[in-house]
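Commentary on secondary and tertiary structure
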Amino acid sequence: MQVGIYTFAESGIKSGAGRDGNISPSQRLRNLVDEIVLADQVGLDWFGVGEHHRPDYAVSNPAVALAAAATQTKNIRLSSAVTVLSSDDPIRVFQQFSTLDNLTQGRAEIMVGRGAFVESFPLFGHALDDYDDLFAEKLQLLMAVNDAEHVSWPGTKHLPAVDHQGVYPRPYQDKLPIWLGIGGTPQSAVRGGKLGLPLALGIIGGEPVRFAPLFDLYRAAATKAGHDPASLETSLNVHGFVAETSQAARDIYGCPHNEVMTRLGAERGWPPATREQFDTMSGPGGALFVGGPAELTDKILAHHEIFGFTRITIQMAIGRLDQKSLMNAIEILGTSVAPDVRKALKS
């Protein structure tokens, strides 16, 4: 099983360069490269970077950010987490990640989704009423470009016709791995199964066990469509943190995590996050994967029993998190937790 990290490269509440506790986009991106390089050095399998179009996040183009670390890494797979395909051009997305794939000699992936944040829709002239239709059409074209050097597209409601045009560069791999990133929508899980795409399930609240039926729907849809579900990869994408002790992990991660969830929750009508809720969610059955190395290892293994995923990825850089503490967490995850998880599964 693969163990990895994903991040949205948060830079603070405003776009200010170092003001009011914020970090400039320039410094945040340099920190991000350091995080990816360290993750590779300590043996983690995967690093994903999300796409956002807000002042509190530093990455609007994951492929560019990942390319900055591409030639400084050797083994780690690099991916978006996610690319908001609905508001992007699927041919350009393919070209960007194919370029990244050549830079890394076959370590690039794309994770596509409809987007939990919708700022990119008005920014690029798309209507939210077309939220799902845009994604469905563009995913089909992305898959077609990935399958063949020359692509023909008849022209659809949201995409112009393409008449047997070559798309370059081609990937270093035979094809780019295209993962479907979903939240809690059953229809999205079924879509992934029908298309035979690897599925990444994001969980940020509630009890993860309640999401297990989505993997069942996914595998059933894959079987019905003629795909072998045993050959399809799945990922659990969660929030979490690790430190030398469980108490240290909770103390370091609790305040930054709650500040972000309270701030973003206010935009969605959620109540403020509390420390009591945080501690409950950090327990064995909660959505937060927070603790010391042994506690985190046990939680990953317990949820592997429930879901049977092939990859676990953790978002640790949330809010105004101290960079030294984050780098320490990456090192512990790579040198302690990941080896113990792999050893336990092999035995």
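Report on the accompanying structure. (Residues numbered from 1 in each chain as written. Predicted model: local features only at pLDDT ≥ 70, side-chain atom pairs only at ≥ 80, totals over all residues. Heavy atoms only, no water.)

**As for helix α5 (residues 131-147)**
Under the 1.5 Å per step criterion, the end-to-end length of α5 is 25 Å for 17 residues, consistent within 8% with the ideal 24 Å. Of all the positions in α5, only Leu 134, Phe 135, Glu 137, Lys 138, Leu 139, Leu 141, Leu 142, Met 143, Val 145 and Asn 146 are classed as buried. Considering only its buried residues, α5 is in contact with α3 (90-104), β5 (108-113), α4 (120-123), β6 (150-153), β8 (178-182) and α6 (186-195). (Helix = DSSP H or I, 4+ residues; strand = E, 2+ residues; numbered from the N terminus. Expected span 1.5 Å × (residues − 1). Buried < 20%, exposed > 50% of the residue type's maximum accessible area, 1.4 Å probe, protein only. Contact = heavy atoms within 4.5 Å.)

**As for the environment of Leu 197**
With respect to the helices and strands, the residue Leu 197 is situated in the loop between α6 and β9 (199-203). Classification of Leu 197 by relative accessible area gives buried; the value is 7%. Along the backbone, Leu 197 and Glu 331 are 134 residues apart, and their C-alpha atoms lie at a distance of 31 Å. Leaving out residues up to four positions away in the same chain, Leu 197 has contacts with Leu 139, Met 143, Ile 178, Leu 180, Gly 192 and Tyr 218.

**Considerations on unusual backbone geometry**
Val 82 follows Ala 81 through a cis peptide bond whose omega is 10°. A cis amide bond, omega 0°, links Tyr 168 with the succeeding residue Pro 169. Checked against the element boundaries, Pro 169 lands in the loop between β7 (162-166) and β8. With phi around 50°, His 164 is a residue other than glycine that occupies positive phi space. Considering the arrangement of structural elements, one finds His 164 in strand β7.

**Things to note about the pattern of salt bridges**
For side chains of opposite charge, pairing can occur when their charged atoms come near one another. Counted under the stated rule, the structure contains 18 salt bridges. Linking Asp 147 and Lys 175 is a salt bridge whose minimum nitrogen-to-oxygen distance equals 2.9 Å. On the criterion of sequence distance, the pair formed by Asp 147 in helix α5 and Lys 175 in the loop between β7 and β8 is long-range, its members being 28 residues apart. Notably, a salt bridge pairs Glu 267 with Arg 268, separated by 3.9 Å at the nearest N-O pair. Among the ionic contacts, a cluster of salt bridges with common partners joins Arg 54, Asp 56, Glu 119, Glu 259, Arg 263, Glu 267 and Arg 268. (Salt bridge = Lys/Arg side-chain N within 4 Å of Asp/Glu carboxyl O.)

**Some remarks on helix α1 (residues 25-41)**
Taking 1.5 Å per residue, 17 residues should reach 24 Å; α1 reaches 24 Å between its end C-alpha atoms and fits that length. Turning to α1, its buried residues number three or more, namely Arg 28, Asn 31, Leu 32, Val 33, Glu 35, Ile 36, Val 37, Leu 38, Ala 39 and Asp 40. Residues of α1 that are buried in the fold lie against β1 (2-7), β2 (46-49), α2 (62-70), β3 (77-80) and α11 (323-346). Immediately downstream of α1, the backbone of Gly 43 shows phi near 95°, a positive value.

**Digging into the side chain of Lys 138**
Mapping Lys 138 onto the fold places it in helix α5. It turns out Lys 138 is buried and unbridged, and the closest side chain with the opposite charge, Asp 88, is 6.8 Å from it. The residues contacting Lys 138, other than those within four sequence positions of it, are Leu 85, Ser 86, Ser 87, Asp 88, Pro 90, His 126 and Leu 159. (Lys, Arg positive; Asp, Glu negative; His and termini not counted.)

**Observations regarding the packing of aromatic side chains**
The relative placement of two aromatic rings is captured by the distance of their centres and the angle of their planes. Counted under the stated rule, the structure contains eight aromatic pairs. With a centroid separation of 5.6 Å and an interplanar angle of 35°, the aromatic rings of Phe 121 and Tyr 131 are classed as tilted. Taken together, the residues span a long stretch of sequence, with Phe 121 in helix α4 and Tyr 131 in helix α5 at a distance of ten residues. Residue Phe 121 is classed as buried on the basis of its relative accessible area of 0%. Pairwise contacts between aromatic rings join Tyr 6, Phe 8, Tyr 57 and Phe 117 into one cluster. (Phe/Tyr/Trp six-rings, centres within 6.5 Å; stacked < 30°, edge-to-face > 60°.)

**Topic: the pairing of β1**
Most of β1 is tucked away: five of the six residues are buried. Summarising the sheet, β1 and strand β12 (residues 311-315) pair through five bridges and their orientation is parallel. If you follow Tyr 6 over to β12, its bridge partner there is Gln 315. Two elements, β1 and β2, share four bridges in a ladder whose sense is parallel. Residue pairing for β2: Thr 7 is matched across the bridge by Val 49. (Pairing = 2+ DSSP bridges.)

**A closer look at the pairing of β6**
Side chains Val 151 and Trp 153 of β6 all project onto a buried face; the interleaved residues His 150 and Ser 152 project onto a face where none is buried. Both β6 and β7 contribute to a ladder of three bridges, which runs antiparallel. Pairing of Trp 153 across the sheet is with Val 162, part of β7.

**Some words on the layout of surface pockets**
What the largest pocket holds in volume is close to 990 Å³. If you trace the largest pocket, you find 45 residues lining it, with Phe 8, Gly 115, Ala 116, Phe 117 and Gly 183 closest to the centre. At the level of secondary structure, the elements contributing two or more residues to the lining of the largest pocket comprise β5, α5, β8, α6, β9, β10 (234-242) and α8 (246-268). The class makeup of the residues in the lining of the largest pocket is 23 nonpolar, 16 polar and six charged. (1 Å grid on protein atoms, 1.4 Å probe; cavity = no way out; pocket = protein on both sides within 12 Å on 5 of 7 lines; lining within 4 Å. Points joined across faces, edges and corners; volume = space filled by probe spheres on them. Nonpolar A, V, L, I, M, F, W, Y, C, P; charged D, E, K, R; others polar.)

Geometry only, nothing functional implied.
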